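Summary of the model geometry
The primary structure of each chain is shown beneath.
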Amino acid sequence: MLVQNNLHFDELDGGHTGQEHQIRVLVNMDKKRCRVTTVGPDIEQMYNTYYDEFKLWELDKEDPHSFITGMRDRCIWNEQRWEHFHHPLHYLTCDPGDIWMINANWVSHQIVFGAKLQVFDADVHKEQMLNPEMVLANRIKNL
Ligand SMILES: [Fe+2]
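Numbers given for residues are sequential positions, taken from 1 along each chain in its written order. Local features in this predicted model are restricted to residues of pLDDT 70 or higher, and side-chain atom pairs are both shown and tallied only at a pLDDT of 80 or more, whereas totals for entire chains, interfaces and linings draw on every residue.

1. Description of unusual backbone geometry
Although it is not a glycine, R81 adopts a positive phi angle of roughly 60 degrees. With a phi angle near 60 degrees, F85 is a residue other than glycine that sits in the positive phi range. Working definition: helices are DSSP H or I runs of at least four residues, strands are E runs of at least two. Numbering for both runs from the N terminus. One can find F85 in the loop between α2 (64–75) and β3 (90–94). Here exposure depends only on C-beta density: within 10 Å of a residue's C-beta, 20 or more other C-beta atoms make it buried, 12 or fewer make it exposed, and intermediate numbers make it partly exposed, the C-beta atoms being placed from the backbone. In this structure F85 comes out as exposed when scored by C-beta crowding, with 8 C-beta atoms within 10 Å.

2. Overview of the sheet that holds strand β5 (residues 107–113)
Reading across the sheet, the three strands line up as β3-β2-β5 and stay open at both edges, with antiparallel pairing between neighbours. Since the sheet does not close on itself, it has two edges, and those belong to β3 and β5, each with one partner. The mean angle between the axes of side-by-side strands here comes to 25 degrees, regardless of whether they run parallel or antiparallel. Of the strand pairs in this sheet, strand β2 (residues 35–42) and β5 are connected by five bridges, and their pairing is antiparallel. Note that in β5 the partner of T37 across the bridge is I111. Only strands that DSSP links by at least two bridges are regarded as paired with each other. The axes are straight lines fitted to the C-alpha atoms, using for helices just the contacting stretch, and the angles between their N-to-C directions are given from 0 to 180°.

3. Let's talk about the pairing of strand β1 (residues 20–28)
Pairing geometry for β1 and strand β6 (residues 117–125), over nine bridges, is antiparallel. Looking at the pairing, V25 lines up with F120 of β6. Judged from the four bridges that link them, β1 and strand β4 (residues 99–102) form a sheet pairing that is antiparallel. Opposite V27, over in β4, you have I99 as the bridge partner.

4. Things to note about the pairing of β3
Burial within β3 is sparse, with just zero of its five residues counted as buried. Pairing geometry for β2 and β3, over five bridges, is antiparallel. In the strand pairing of β3, V39 is matched with H90.

5. Comments concerning α2
One less than the number of residues in a helix, times 1.5 Å, gives the span that helix is expected to have. Here α2 spans 16 Å end to end across 12 residues, near enough to the 16 Å set by a 1.5 Å rise per residue. Those residues of α2 lying buried are P64, F67, I68, M71, R72 and C75. Seen along its axis, α2 keeps its buried residues to an arc of 130 degrees; they face one direction. For α2, the secondary structure elements touched by its buried residues are α1 (43–50) and α3 (136–141). Here, the arc refers to the directions that run from the helix axis to the C-beta atoms. In this description, a residue-residue contact is defined by the distance between C-beta atoms placed from the backbone, which must lie within 7 Å.

6. Regarding the nonpolar core
One broad trend across soluble globular proteins is that nonpolar side chains are buried collectively. By convention in this section, buried Ala, Val, Leu, Ile, Met, Phe, Trp, Tyr and Cys residues joined through C-beta atoms within 7 Å make up a nonpolar core. Core analysis: the largest hydrophobic core is formed by 16 residues, its most contacted members being I43, M46, Y47, F67, I68 and M71. Residue assignment for this core shows that the elements contributing at least two residues are α1, α2 and α3. Apart from residues lying up to four places away in sequence, F67 is in contact with L59, D60, K61 and I140.

Structure, rendered in structure tokens:
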């Protein structure tokens, strides 16, 4: 049973390049208990807020993998221990059977309580997007 984890951005899975969005679809499979999660600031909000304080210009915006990891390590999993109760958070309570979606690479999130979850991933490729310029790699480059 997973009860809790730290605020984080999901890192890109192995073969992904940032020329797609990984959309996560989650289902609370617990038949009795709610699942409680939080969502916090997204990459853009943290980048603009902490650019100077954490020298975010040092991160390689050409490499989405290391950029997302660097943003997490500097802005959340840092020496100040900001993975709990620092950033403004929205708390979401999902009933048994609820389904929700998140762009987990872009939006910080945290499990507060949860026991049984099914996760589905879908890639939305750049050419499938209404506005291809908004693909993850470009969003990072344009920060
Ligand atoms: Fe996650």
